[in-house]
Amino acid sequence: MKQIFNLILVLLFPVCAAFAQDPDWYKLSDDALNSKGAEIIRKLLNSTNEAEMLVIVKPSTNDDLRLRIKIYAYKRLAIYGTKAAVPVLVEKLEIPKEGFYARYALESIPGKEVDAALCEITGSVKKPEVLAGILTTLGVRTNPESAVTAKSFLTHADPNVKQSAAYAYASTAGIAAVDFFTQKQLDSLFADSAFLLAEILASKGDMANALKIYDTLSVAGIKPYQKEAALAQSILARGEKGIDLLVAQLSSELPANFDVGLKVARELPAGVAVTKSMLAVLDKQTDSIRKAKLIRSIGDRKDNESKKISVPVLSEFVKSGDETVRIAAIESFKNIGDSSVLPILIDAAKQKESAKVAQVALWTLQNMPGKDDVNTAIGELLVKGDKAARIIAINLIKERRITSAYPILNKSLIDPDAGIVAAATDAIGQTAGLDDLPLILDLFIKAQKQEDSDKYLVALKSACTRLPQNAAAAKVFDVFEKSPVPVKVKLLEVFNVIGGKKSVEIVERCAWEDAVEVQNKATEILGKWVSQNDIELIAAVCLKLAKDSKYKNRGLRGYIRLARQFSMKEEDRLKFCQNVYDLASRDEERLLIFDVYVRYPSPKMLDAAAKYFDSDSEKVREKAAETIVAIAEKLPAKSHKAASVIKRIIDESKNETLKEKAKRIFEKQ
């Protein structure tokens, strides 16, 4: 096959090459281009020949069809173009649509010839949008020799040209542009380019001039968000030397400056020195809203040295009488909390005065870092805490998936307090491993009360959903096969939750067991199977039941349910329906296939339903008619050949309502 493909390419190559070199290619009719355009494009994508690319782009015609072909040539010129391509590309700059792609190529072609040509053409270009584009290209190329041209357009009347000129000037002039971008009355159009210049200078190690630009922008008459960004960069660029400036913003009465301080405080990588300064500002802060914001900002500083000094201070605010401040302090521990704050948060979660505080405290406990020390402390709390604290600890073990606490959790299952047992039963399903299943099974079997039995069954199902299917099924089956019939009946539900080949085999075996109760439950479970991945296995079992067991109708219903509810190819769904119809001995089961047809309407489903309009059974005929009409209503008019059967429904059906619907459909055919 590969040899044949290569032969085709060899045969096509001369045709493509000749076509790409034809200067009159664009004169072909649209039909000819539609059929042969792919040959040109394929040739271009495999070519490194600049001349072939220029043949494609040179014609001035740029309708959508020809432009589409040209675009590929422009993209290849961006990779393989040389100074020889410059005159052709420059000529294209003022052509609508095409000029953009010409600039795209020019941006990547090496050599000063490109910059010289672009600078020269700026003097004759009349359209502002074209001029702005050319200046942008000069900026992308960053040739210092273009700086004079860029500067000459900084006073242009068109704002887009001015903005592009500023970009080009910042990109090409370097330190020579600092004076222009540090004007006190700098136009806000130039602010973004000023930021760009500052970044360029900073990347070259010239922090003095970068800071000069940031400081000027932070007080210039530009847009507020630009000033705020400049202030933030001014602090960040100074590093640890910017702490005093940061403190000034955090102490400012101006909301915008305060918010800048909060943002920068989270980002300034000056370690514990920043955190100390923030704590000093916090100590003087009296406004509760600002205090809460500052606490959250401190909580976002996660380095170990910062946490050592901030955690003790913020712990005191958890006891604050102001709910806003209290909640902020609690939330801060989501990032910096450790085992030392666990008692404080537990107390907050236990208190009854504020449901919101309790909820936030519990959420923080669930998401707090410090995996080892915090998890160990939670396990200890389950042993030593009071009832409320122990229930919280159990919930945390569940939410944090603390598997190391499982032995302690096991003991809680037999605690004399019903509340502890209920919480532990719920949690154990989220933390148990394979080796723990026998214990849950034992508790389930020995439960004296129905409510306890139900809880352990829920925990067992929950645990099994997280474990390897066949291994979990084997663990449950070890207990299942030794259990009395009433226990087996309940445990069959667990295999449905587990799913997989092993579970299907176990339930299938039970469908043929001597105990009627087990048979009944197993066949019921097969008809309610939940795993899409087991569809082939379950289909085979249900079909076997339908053919060979006393549960024939249940097998048929379970089998057709798969076609009704599970994903499958349309031909498989039709096959399922046909199998059910062929095996059914009662109309009650035969009619089930029509629900499938209606649920997945298509021309093929309509044709399948139409076959049964000639059935000997009046019930089947009428159901087929209802199905045909229901599907036809959902399909676009004339999307199927339903006219003949719709006409028969109009003539033969005894259902007047159905006949009226059929008439409306027939009129649209």
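Computed from a prediction, not measured in an experiment: that's the story for all the values here. (Residues numbered from 1 in each chain as written. Predicted model: local features only at pLDDT ≥ 70, side-chain atom pairs only at ≥ 80, totals over all residues. Heavy atoms only, no water.)

Caption draft 1: Here's a closer look at the overall build of the protein. For the protein, the count of helices and strands is 41 helices and zero strands. With the C-alpha coordinates aligned to their principal axes, the bounding extent of the protein is approximately 95 × 80 × 55 Å. Looking at the protein as a whole, 49% of its 669 residues qualify as buried. Expressed as a percentage of contacts within the protein between residues at least 6 apart in sequence, the contacts between residues at least 24 apart total 64%. Each charge class in the protein can be summarised by its mean position, and for the 98 positive and 89 negative side chains these summaries are 1 Å apart. (Helix = DSSP H or I, 4+ residues; strand = E, 2+ residues; numbered from the N terminus. Buried < 20%, exposed > 50% of the residue type's maximum accessible area, 1.4 Å probe, protein only. Contact = heavy atoms within 4.5 Å. Lys, Arg positive; Asp, Glu negative; His and termini not counted. Charge placed at Lys NZ, Arg CZ, Asp CG, Glu CD.)

Caption draft 2: Layout of the pattern of salt bridges. Counting across every chain of the model gives 40 salt bridges. Across the salt bridge formed by Glu98 and Lys92, the nearest N and O atoms sit 3.7 Å from each other. Classification of Glu98 by relative accessible area gives buried; the value is 0%. Ionic pairing is found between Lys544 and Glu508, a salt bridge with its closest N-O pair at 3.9 Å. Here Lys544, found in helix α33 (residues 535–548), pairs with Glu508, found in helix α31 (residues 501–510); they are 36 residues apart in sequence, far enough to count as distant. On the basis of relative accessibility, which here comes to 38%, the residue Lys544 falls in the partly exposed class. When salt bridges that share partners are traced, they join Lys461, Glu493, Lys521, Glu524 and Lys528 into one network. (Salt bridge = Lys/Arg side-chain N within 4 Å of Asp/Glu carboxyl O.)

Caption draft 3: Region of interest: the environment of Leu583. As for its position among the elements, Leu583 is in helix α35 (residues 570–583). As a C-alpha pair, Leu583 and Met53 span 530 residues in sequence and 68 Å in three-dimensional space. In contact with Leu583, not counting residues within four places along its chain, are Leu543, Ala546, Lys547, Lys552 and Leu556.

Caption draft 4: Broad picture of the environment of Ala73. Inspection of the secondary structure assignment puts Ala73 in helix α4 (residues 64–80). Along the backbone, Ala73 and Leu54 are 19 residues apart, and their C-alpha atoms lie at a distance of 7.4 Å. Excluding its chain neighbours within four sequence positions, the residues that come into contact with Ala73 are Leu44, Met53, Ile56 and Val57.

Caption draft 5: Spotlight on the packing of aromatic side chains. One pass over the structure, following the stated rule, counts 12 aromatic pairs. Taking 5.1 Å as the distance between ring centres and 90 degrees as the angle between the ring planes, the aromatic pair formed by Phe100 and Tyr101 counts as edge-to-face. Relative accessible area serves as the criterion here: at 23%, Tyr101 is assigned to the partly exposed category. Pairing Tyr169 with Phe181 gives two aromatic rings, centres 6.2 Å apart and planes at 35 degrees, and the pair type is tilted. With Tyr169 in helix α10 (residues 159–173) and Phe181 in helix α11 (residues 178–181), this pair connects stretches of sequence that are 12 residues apart. A relative accessible area of 4% places Tyr169 in the buried class. Positioned above the aromatic ring of Tyr600, the side-chain terminus of Arg573 is 3.7 Å from the ring centre. Just above the ring of Tyr581 sits the side chain of Arg590; from NZ or CZ to the centre is 5.8 Å. (Phe/Tyr/Trp six-rings, centres within 6.5 Å; stacked < 30°, edge-to-face > 60°. Lys NZ or Arg CZ within 6 Å of the ring centre and 35° of its normal.)

Caption draft 6: Representation of helix α37 (residues 592–599) within the structure. Every buried residue belonging to α37 is among Leu592, Ile593, Phe594, Val596 and Tyr597, and all of these are buried. Taken together, the buried residues of α37 touch α34 (552–565), α35, α36 (587–590), α38 (603–610) and α39 (618–634).

Caption draft 7: Fine view of the packing of helix α16 (residues 255–267) against helix α18 (residues 288–299). In the contact formed by α16 and α18, the axes pass within 9 Å of each other and the chain directions differ by 20 degrees. Judged on the interaxial angle alone, α18 and α16 are roughly parallel. With respect to the hand of their crossing, α16 and α18 are arranged in right-handed fashion. The residues of α18 that touch α16, namely those facing Pro255, Phe258, Asp259, Leu262, Ala265 and Arg266, are Arg290, Lys293, Leu294, Arg296 and Ser297. Classifying every residue of the contact of α16 with α18 gives five nonpolar, one polar and five charged. (Axes fitted to C-alpha atoms, helices over the stretch in contact; angles between N-to-C directions. Parallel < 35°, antiparallel > 145°, perpendicular 65-115°, else oblique. Left-handed = near helix turned anticlockwise from the far one by under 90°. Nonpolar A, V, L, I, M, F, W, Y, C, P; charged D, E, K, R; others polar.)

Caption draft 8: A look at the confidence of the model for the protein. Of the residues in the protein, 95% reach a pLDDT of 70 or more, and the chain-wide mean stands at 89. Note that pLDDT drops below 50 for residues 1–18; the model gives that stretch six contacts with residues more than four away or on any other chain. (pLDDT = per-residue confidence, 0-100.)

Caption draft 9: Molecular detail of the side chain of Thr172. The residue Thr172 is located in helix α10 in this model. Excluding anything up to four places from it in sequence, Thr172 contacts Leu138, Thr142, Asn143, Pro144, Ser146 and Ala147.

Caption draft 10: Unusual backbone geometry, seen in detail. Positive phi, close to 60 degrees, is recorded for Thr142, a residue that is not glycine. Along the chain, Thr142 falls in the loop between α8 (128–141) and α9 (147–152).

Caption draft 11: Main features of the side chain of Lys521. Positionally, Lys521 belongs in helix α32 (residues 516–526). With a relative accessible area of 13%, Lys521 lands in the buried category. In contact with Lys521, other than residues within four places in its own chain, are Val489, Leu492 and Glu493.

Caption draft 12: Fine view of the packing of helix α29 (residues 469–480) against α31. In the contact formed by α29 and α31, the axes pass within 7 Å of each other and the chain directions differ by 35 degrees. Here Asn470, Ala473, Ala474, Phe477 and Phe480 of α29 come into contact with α31, specifically with Lys501, Lys502, Ser503, Ile506, Arg509 and Cys510. Among the residues making up the contact of α29 with α31, the classes are represented as six nonpolar, two polar and three charged.

Caption draft 13: Structural context of the environment of Leu342. Position of Leu342 among the secondary structure elements: in helix α21 (residues 342–350). Look at Leu342 and you get buried, because its relative accessible area is 4%. A sequence separation of 167 residues divides Leu342 from Ile175, and the C-alpha atoms of the two residues are 55 Å apart. Once residues lying within four places of it in the same chain are set aside, the contact partners of Leu342 are Leu365, Met368, Val374, Ala377 and Ile378.

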